[in-house]
Amino acid sequence: MCCDLKRRFLLLYATQKGQAKAIAEEIREQAGARGIEADMHCISEMDKYNLETEKDPVVIVISTTGTGDPPDTARKFVKKIQDTTLPPDHFAHLQYGLLGLGDSEYTFFCNGGKTVDRRLQELGAQHFYDTGLADDCVGLELVVDPWIDGLWLALKEAFLLQKEKEGMSSVVDAVSSSLSAALRGVHELNLSSEVQNLKLEDEGVRNSDVLSQKLVDINLVASTRDTEPSLVHSVPPVSQSALNIPALPPEYIEVQFQDTHGENPHLSSLISEGTTFEVPVTKAVQLTREDAIKTALLLELDIADTVFDYQPGDAFCVICPNNVNEVEELLQILGLSEKGEYFICVKVKQGTKKKGAARPQHIPERSTLKFILTWCLEIRAIPKKAFLRALVECTSDVGEKRRLQELCSRQGASDYTRFIRDSNVCLLDLLHAFPSCKPSLNLLIEHLPKLQARSYSVSSSNLYQPGKLCFVFNVVEFPACPARPISRKGVCTGWLAELVAPLLHPNKNTLNTKGGSSSTEKISIFARPNNTFHLPADPSVPFMMVGPGTGISPFIGFLQHRQKLREEHADWEFGETWLFFGCRHQDRDYLFKDELRCFLENGTLTHLKVCFSRDFSTAEVAPPKYVQDVIRLYAKEVARVLLKERGYFYVCGDKKHMADGVSDAVVDILSMEMEADKLEAMKILATLREAKRYLQDVWS
């Protein structure tokens, strides 16, 4: 790049869980290594930048949250640019490149980025670099890495054109054909298959700049008797390859141990999303039999003494801690078992080479070490490649060091996906697998993300049960595997199950002399805003609900609410209600069986259709196994409710194995009943989604 060219661009990120920010920081680091100034800001900090007057190129990294919404930090920005009074040339001066993050498990893939991209285009902004859409389902890095690699060439061209526009054409040479070819090489990053992803990644390797990569010499050869790769062992070609590994991230955190005097921050100070409420758990019920494959629990919370309000269909978040045994185990490996109760002061390291270094917002300035590891850091997080790269420097064994280098390298991308990402390997697993790796505490604070609150659907109605909030969940189980020799429970569901064990299994140790619970456990919760998964405003409108397993949870709230409205407003007209429910075994995990029968008997629920996927049938014609199969049996009714009566269709539960099958079934029904081709039926379903009449609350 010519030395007299201007080298600044505006770098904006919009993040929900920290991914977009981490990628933006990586872009800023690589920019600094190239002598380019990346003026980085959160997109919510609109007082620190002005797109209306911005003359330099703009790079935007934006994630997607919920079922397709921009992250909370982008809300004000999106609202501002969606102002319908803005002229079509409002951003005609703007040159930008956008990297969207999403998960193709969800219907509205990368919709946060697409929404911003589409609106900027409508307002006249121009791309200086093609939009990248990275898929967390197969690995963000498969698109992110080559997109960043190609960014520098695109910026170079943008700087040259900028110079030309400023009347300094004497500095500008014609852009070489090789530059154009390189730019074409990173075109079309919205990928539809892993094959394309890997092909693009190879392209990115060819385009990668050695300034951000370090070539590692090979001096280790895999043993001929070990033919299968694993977390700790590689085979050719990886074991015999020269490796392109990420640049070592600069350390920027300093930890100072103090004394044991003081108080830890209140949990509410860790949450920026809204007001937190500490509420007692007043009831716990196991909804499944002991021999069911999954254990489903219902918890009831007392919110009577709070201003917490909700509608049926809303979601809320539970602030949960890491497992206490895992925290103790981590302290032991770090050699800090005796320091757990000591207060530590976390500051930015003096003289750090990390640009814009700041103490992570989720880390208190002063708290105990145990508090940080328990409530602030996601110690179960799947380690990013940058973290693996940093761990290399903390590893003394040559073979272990080499394997960690492989796992964070371009050449080891498939090994990383297989043995770390897909195996849900966490830091503790790595430290057991690579015992000579001894990371410092500051490294953990720098690389482990914020411990996120967990979201749950409300399973009750405040109208039906005033002052109560119920929710249902399966206790998540992670079975042992070669990379993880012990099984684990989910961070939040495992904690909740342990917390309410005295309510589920009372005994003499948990009861006082009066026969009641000796103590009431409390949990901290906060509302999750912007949920459209609600009952129709008009009670006369019919609706259908599809909720197998714990996906039935919000629909119990729907039906409770509808029952109460029917009792209080006998003169109102109420539309028909359908529920499609499924589970494995009728006698083991048929959730809310008695309640559903009552709703059916009193007319609150008009139609209940159930199926059991694992029960043996002696019928000549085997009954349908899954809810999507049952729905097809009622094709005419589905078409009538959706098309003729303008009803609503709700789906809640597993995305990959159920919700996609349900939407496919609805498309087939629309196609058949309207005598239209499949493409036309898909367009109708898309219209129903846009009109908020086909609604999903799904998880992957």
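It should be emphasised that the depicted structure is a prediction, and the values quoted were computed from it without experimental measurement. (Residues numbered from 1 in each chain as written. Predicted model: local features only at pLDDT ≥ 70, side-chain atom pairs only at ≥ 80, totals over all residues. Heavy atoms only, no water.)

Peer 1: Could you give an account of the nonpolar core, with specific residues and numbers?
Peer 2: Core analysis: the largest hydrophobic core is formed by 52 residues, its most contacted members being Leu330, Leu388 and Leu391. Setting aside residues no more than four positions away along its own chain, Leu330 makes contact with Leu373, Ile379, Leu427, Leu428, Leu431 and Leu444. Listed in part, the 30 residues of the second largest apolar core include Ile27, Phe128, Leu140 and Trp147. (Core = buried A, V, L, I, M, F, W, Y, C linked by side-chain atoms within 4.5 Å. Buried < 20%, exposed > 50% of the residue type's maximum accessible area, 1.4 Å probe, protein only. Contact = heavy atoms within 4.5 Å.)

Peer 1: Go over empty space enclosed by the protein with me, naming the residues and quoting the values.
Peer 2: A water-sized probe rolled over the atoms picks out the places where empty space is left. Evaluation of the coordinates by the stated rule reveals 2 cavities of 30 Å³ or more. Taken as a whole, the largest cavity holds about 80 Å³ of empty space. The wall of the largest cavity is formed by Leu270, Ile271, Ile319, Cys320, His362, Trp375, Cys376, Lys450, Leu451, Gln452 and Ala453. A per-class count over the lining of the largest cavity returns 8 nonpolar, 2 polar and 1 charged. (1 Å grid on protein atoms, 1.4 Å probe; cavity = no way out; pocket = protein on both sides within 12 Å on 5 of 7 lines; lining within 4 Å. Points joined across faces, edges and corners; volume = space filled by probe spheres on them. Nonpolar A, V, L, I, M, F, W, Y, C, P; charged D, E, K, R; others polar.)

Peer 1: If you had to explain the pattern of salt bridges to someone new, which residues and values would you point to?
Peer 2: Applying the stated criterion across every chain yields a total of 33 salt bridges. A salt bridge links Glu378 to Arg454, with the nearest nitrogen and oxygen atoms 2.8 Å apart. With a gap of 76 residues between them, Glu378 in the loop between helix H8 (369-376) and helix H9 (385-392) and Arg454 in strand S15 (residues 454-457) connect regions that are remote in the sequence. With its nearest N and O atoms 2.8 Å apart, the salt bridge here joins Glu645 to Arg640. Accessibility expressed as a relative area gives 25% for Arg640, which makes it partly exposed. Residues participating in the shared-partner salt-bridge network are Arg8, Asp39, Glu54 and Asp56. (Salt bridge = Lys/Arg side-chain N within 4 Å of Asp/Glu carboxyl O. Helix = DSSP H or I, 4+ residues; strand = E, 2+ residues; numbered from the N terminus.)

Peer 1: Quick rundown of unusual backbone geometry? Include the residues and the values.
Peer 2: Looking along the chain, the bond that leaves Pro236 and enters Pro237 is cis, with omega of 10°. Backbone geometry places Cys110, a non-glycine residue, at a positive phi of 55°. When you line up the elements, Cys110 lands in the loop between strand S4 (95-102) and helix H3 (111-122). On the accessibility criterion, Cys110 (1% relative accessible area) is buried. Here Phe592, not a glycine, exhibits a phi torsion of approximately 60°, which is positive. Among the structural elements, Phe592 can be located in the loop between strand S21 (577-583) and helix H17 (593-601).

Peer 1: So what about the packing of helix H20 (residues 655-674) against helix H21 (residues 678-690)? Which residues, and what values?
Peer 2: Interaxial distance between H20 and H21 falls to 8 Å at its minimum, and their mutual angle equals 120°. At the point where H20 passes H21, the crossing takes the right-handed sense. Judged by residue contacts, Ser663, Val666, Val667, Asp668, Leu670, Ser671 and Met674 of H20 engage Lys678, Ala681, Met682, Ile684, Leu685 and Arg689 from H21. (Axes fitted to C-alpha atoms, helices over the stretch in contact; angles between N-to-C directions. Left-handed = near helix turned anticlockwise from the far one by under 90°.)

Peer 1: How would you explain the packing of helix H7 (residues 324-334) against H8 if you had to name every residue and give the values?
Peer 2: In contact at an axis separation of 10 Å, H7 and H8 are set at 130° when each is read in the N-to-C sense. Judged by the inter-axis angle, H7 sits oblique to H8. Judged by the sense of rotation from one axis to the other, the crossing of H7 with H8 is right-handed. Each of Val327, Glu328, Leu330 and Leu331 in H7 lies in contact with H8, whose residues at this interface are Leu369, Lys370, Leu373 and Thr374. Considering only residue class, the contact of H7 with H8 consists of 5 nonpolar, 1 polar and 2 charged. (Parallel < 35°, antiparallel > 145°, perpendicular 65-115°, else oblique.)

Peer 1: So, the sheet that holds strand S22 (residues 607-612): which residues are in play, and what are the values?
Peer 2: Spatial ordering of the open sheet is given by S22-S21-S20-S23-S24, a layout of 5 strands whose pairing is parallel. Pairing within the sheet leaves two strands with one partner each, and these edge strands are S22 and strand S24 (694-699). Each strand of the sheet is rotated relative to its neighbour by a mean of 10°, with strand direction disregarded. Pairing geometry for strand S20 (residues 543-546) and S21, over 4 bridges, is parallel. When the sheet's bridge partners are listed, Met545 is paired in S21 with Leu579. Lying on the sheet, helix H19 (residues 635-644) is in contact with S20, S21 and strand S23 (648-654); it crosses S23 at an angle near 120°. (Pairing = 2+ DSSP bridges.)

Peer 1: Could you give an account of the pairing of S21, naming the residues involved and the relevant values?
Peer 2: Within S21, 7 of the 7 residues are buried, leaving the element largely enclosed by the surrounding structure. Both faces of S21 are covered, namely the face carrying Thr577, Leu579, Phe581 and Cys583 and the face carrying Trp578, Phe580 and Gly582. In this view, the connection linking S20 to its parallel neighbour S21 by way of helix H16 (residues 553-568) has right-handed handedness. Both S21 and S22 contribute to a ladder of 6 bridges, which runs parallel. Paired with Leu579 across the strands is Leu608, a residue of S22. Remark: the S21/H17/S22 crossover connection has right-handed handedness. (Right-handed = clockwise from strand over helix to strand, strands pointing away.)

Peer 1: If you had to explain the packing of aromatic side chains to someone new, which residues and values would you point to?
Peer 2: This structure, assessed with the given rule, holds 22 aromatic pairs. Between the aromatic rings of Phe543 and Phe558, the centroid separation amounts to 6.3 Å while the plane-to-plane angle is 85°, which identifies the pairing as edge-to-face. A residue pair is termed long-range when its members are at least 10 positions apart, and Phe543 in strand S20 and Phe558 in helix H16 qualify at 15 residues. A single burial state applies to Phe543 and to Phe558, both of which are buried. (Phe/Tyr/Trp six-rings, centres within 6.5 Å; stacked < 30°, edge-to-face > 60°.)

Peer 1: Mind laying out H8, listing which residues take part and the relevant values?
Peer 2: An α-helix turns once every 3.6 residues. As a result, residues three or four positions apart point the same way. Of all 8 residues making up H8, 6 are buried, and the element is well covered by its neighbours. Leu369, Phe371, Ile372, Leu373, Thr374 and Cys376 are the residues of H8 that are buried. The inward-facing, buried residues of H8 abut strand S9 (253-257), H7, strand S13 (343-348), strand S14 (366-368) and helix H13 (441-447).

Peer 1: Any details on the side chain of Ser613? Residues and values, ideally.
Peer 2: Note on placement: Ser613 falls in the loop between S22 and helix H18 (627-633). For Ser613, a relative accessible area of 12% puts it in the buried group. Residues in contact with Ser613, not counting those within four places in the same chain, are Cys583, Arg584, Lys625 and Tyr626.

Peer 1: Would you mind going over the sheet that holds S14 in detail, with residue names and values included?
Peer 2: Strand order in the open sheet formed by 3 strands is S9-S13-S14, and the pairing between neighbours is antiparallel. Taken across any chain shown, the strands that pair with only one partner, and hence form the sheet edges, are S9 and S14. Direction aside, neighbouring strands of the sheet carry axes that sit 35° apart on average. Here 5 bridges tie S9 to S13, and the two strands are oriented antiparallel to one another. Counterpart to Val255 in the pairing with S13 is Val346.

Peer 1: I'd love a proper account of the environment of Ile552, names of residues and values included.
Peer 2: In this structure, Ile552 sits in the loop between S20 and H16. C-alpha of Ile552 to C-alpha of Leu579: the two residues are 27 residues apart in sequence and 8.8 Å apart in space. Apart from residues lying up to four places away in sequence, Ile552 is in contact with Gly547, Leu579, Phe581, Leu591, Phe592 and Leu596.

So far we have only geometry, and geometry alone does not tell us how the molecule works.
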